[in-house]
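Structure assessment
So the chains spell out like this:
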Amino acid sequence: MAPTTRTILICSGKGGVGKTTLTANLGIALAKLGVQTVVLDADFGLRNLDLLLGLENRIVYTAQEVLSENCRLDQALVKHKQEPNLSLLPAGNPRMLEWLKPEDMQRIAAMLAKQFDYVLIDCPAGIEDGFKNAVAAAKEAIVITTPEVSAVRDADRVIGLLNTHGVSPVQLVLNRVRPKMMANQEMLAADDVTDILALPLLGLVLEDEQVIVSTNRGEPLTLSANNSPASRAYSNIARRLQGEDVPLIDPAKEGLGLREKVWRLMQTKIF
């Protein structure tokens, strides 16, 4: 494995918190920064990464054929039409779960590491065999959760397993943040989540209806010049991974309405 390759597991304890959406958008954002990136769909039971990237109609071979040596790796890789620095290695047939082993995922990751700067592994939710297979191939991890008690509790369990497997560093992305709900204490605050999980915060993604629109279209937000809050957040996460010092947003300030912002500005100027 090339020493410069970063093999990152993108995981969550709870399903439906935005893990695959983060994988797709982060892959595009990194590719736009000029680094060779591949996204590996390790969710063999419920593959969706190809749909989010708009590549479902271009798949001929999958990781299954690569492992069984029925095709070469380059034949299975699907290069993104609009972002040539990004490739997808699709998941295989759900029946592949019956024989897939952690060593198989390690083999696939090692092959990808010879060609790419980043290998992003879209991990199945939960802590069953799919997670165990995926984590075996990872060097570091991004845990994504929402500011909800059940999601944070599940994320905590996953973090414990990551530590057991020696995955490091492990960083946190907090998704679907609603500043007003945080301000009203109707949602866990970002500081509360980081304190509970004891992880460094890699990014905050605000609740954004454009995520749903882009997902249904198979066009990741970071692919276009879309300047929505979520798009900016994904791009900032990619820049932080690249070592840039990009400040995190302050949910308290994001939650202010126009009237409150003007009032605070006037107070600052007066005092």
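Bear in mind that the values here come from a model prediction, so they are computed numbers and not experimental data.

Looking now at the overall build of the protein. For the protein, the count of helices and strands is 13 helices and eight strands. Counting across all 271 residues of the protein, residues that qualify as buried make up 51%. Long-range pairs, those at least 24 residues apart, make up 77% of the contacts in the protein between residues at least 6 apart in sequence. By element, 48% of the accessible surface of the protein is carried by carbon and sulfur atoms, the whole surface being about 13,200 Å².

So, on to the environment of Ser12. Structurally, Ser12 can be placed in the loop between strand S1 (6–11) and helix H1 (19–32). Assessed through its relative accessible area of 1%, Ser12 is described here as buried. Excluding anything up to four places from it in sequence, Ser12 contacts Val17, Lys19, Ala125, Gly126, Ile144 and Val158.

Here we come to the sheet that holds strand S5 (residues 118–122). Pairing is mixed in the open sheet, where eight strands are placed in the order S3-S4-S2-S5-S1-S6-S7-S8. Unpaired on one side and paired on the other, strand S3 (78–79) and strand S8 (201–206) mark the two borders of the sheet. One ladder, built from five bridges, connects strand S2 (residues 37–41) with S5; its direction is parallel. Within the sheet, the bridge partner assigned to Val39 lies in S5 and is Leu120. Where H1 meets the sheet, it contacts S1, S2, strand S4 (86–89), S5, strand S6 (140–145) and strand S7 (170–177), and its direction lies at approximately 165° from that of S5.

For the rest of this paragraph, the subject is the pattern of salt bridges. Pairing between side chains becomes possible if they bear opposite charge and their charged atoms approach one another. On inspection of all chains with the given rule, the structure shows six salt bridges. A salt bridge links Lys19 to Asp122, with the shortest nitrogen-to-oxygen separation between them at 3.2 Å. In this pair, Lys19 sits in helix H1 while Asp122 sits in strand S5, placing the two residues 103 residues apart along the sequence. For Arg107, the salt bridge is made with Glu69, and the minimal N-O distance between the two is 3.4 Å. Of the two residues, Arg107 is situated in helix H5 (residues 102–113) and Glu69 in the loop between helix H3 (63–67) and helix H4 (73–76); the sequence distance between them amounts to 38 residues.

Residue Pro169 is bonded to the preceding Ser168 through a cis peptide linkage, with omega at 0°. By the secondary structure assignment, Pro169 is in the loop between helix H7 (149–164) and S7. Although it is not a glycine, Gln185 sits at a positive phi angle of roughly 60°. Mapped onto the elements, Gln185 comes out in the loop between helix H8 (179–183) and helix H9 (190–197). A positive phi is found at Ala198, a non-glycine position, where the angle reads about 55°. Positionally, Ala198 belongs in the loop between H9 and S8.

Here we take up the nonpolar core. Formed by 49 residues in total, the largest nonpolar core has its most connected members in Leu9, Leu89, Leu112, Ile121, Val143 and Leu162. Counting residues per element, this core draws most heavily on H7, at five residues. Among residues more than four places away in sequence, those in contact with Val143 are Cys11, Ala155, Ile159, Leu162, Val170, Gln171, Leu172, Val173 and Leu199. Ranked by size, the runner-up nonpolar core spans 37 residues in total, among them Ile8, Ile10, Leu202 and Ala230.

With that settled, the discussion passes to the pairing of S8. Burial runs high along S8: five of the six residues are buried. Note: S7 against S8, four bridges, orientation parallel. Following the sheet pairing, Val173 is matched in S8 by Gly203.

Where H7 meets H9, the axes come as close as 10 Å, and the angle between the chain directions of the two elements is 35°. Remark: the crossing between H7 and H9 carries right-handed chirality. Taken together, the residues of H9 that come into contact with H7 (itself represented by Val152, Ala155, Asp156 and Ile159) are Val193, Ile196 and Leu197.

On the secondary structure map, Asn133 appears in helix H6 (residues 129–135). Once residues within four sequence positions are removed from consideration, Asn133 is found in contact with Leu100, Lys101, Pro102 and Met105.

The sites that UniProt annotates as "binding site: ATP" (unreviewed entry) are Lys14, Gly15, Gly16, Val17, Gly18, Lys19, Thr20 and Thr21. Relative to the helices and strands, Lys14 resides in the loop between S1 and H1. In this view, Lys14 contacts Ala125, Ser150, Ala151 and Asp154; residues no more than four positions away in its chain are not counted. Inspection of the secondary structure puts Gly15 in the loop between S1 and H1. Judged by its relative accessible area of 45%, Gly15 is partly exposed.

Conventions adopted
Counting restarts for each chain: residues are numbered from 1 in the order of the written sequence. Thresholds applied to this predicted model are a pLDDT of at least 70 for local features of residues and 80 or more for the giving and counting of side-chain atom pairs; totals over whole chains, interfaces and linings are not thresholded and use all residues. Here the side-chain values reflect all heavy atoms present in the structure, with hydrogen atoms and water set aside. Only DSSP runs of H or I covering at least 4 residues are called helices, and only runs of E covering at least 2 are called strands; the numbering of each starts at the N terminus. Three labels apply to residues, based on accessible area from a 1.4 Å probe with only protein chains included: buried if under 20% of the type maximum, exposed if over 50%, partly exposed otherwise in between. Here, two residues are considered to be in contact whenever any of their heavy atoms come within 4.5 Å of each other. The accessible surface values rely on the Shrake-Rupley method and a 1.4 Å probe; as for residues, cover is taken only from the protein chains in view. Only strands that DSSP links by at least two bridges are regarded as paired with each other. Lines fitted to the C-alpha atoms define the axes, with helices restricted to the stretch that makes contact. Angles between their N-to-C directions range from 0 to 180 degrees. By definition here, a salt bridge exists when the distance from a side-chain nitrogen of Lys or Arg to a carboxyl oxygen of Asp or Glu is within 4 Å. For the purposes of this section, nonpolar cores are sets of buried Ala, Val, Leu, Ile, Met, Phe, Trp, Tyr and Cys residues that join through side-chain atoms within 4.5 Å. For any pair of crossing helices, the crossing counts as left-handed if the nearer helix is rotated counterclockwise from the farther one by less than a right angle, and right-handed if it is rotated clockwise. UniProt positions are given in the numbering used here, feature names are shortened, and annotations may be inferred rather than shown by experiment.

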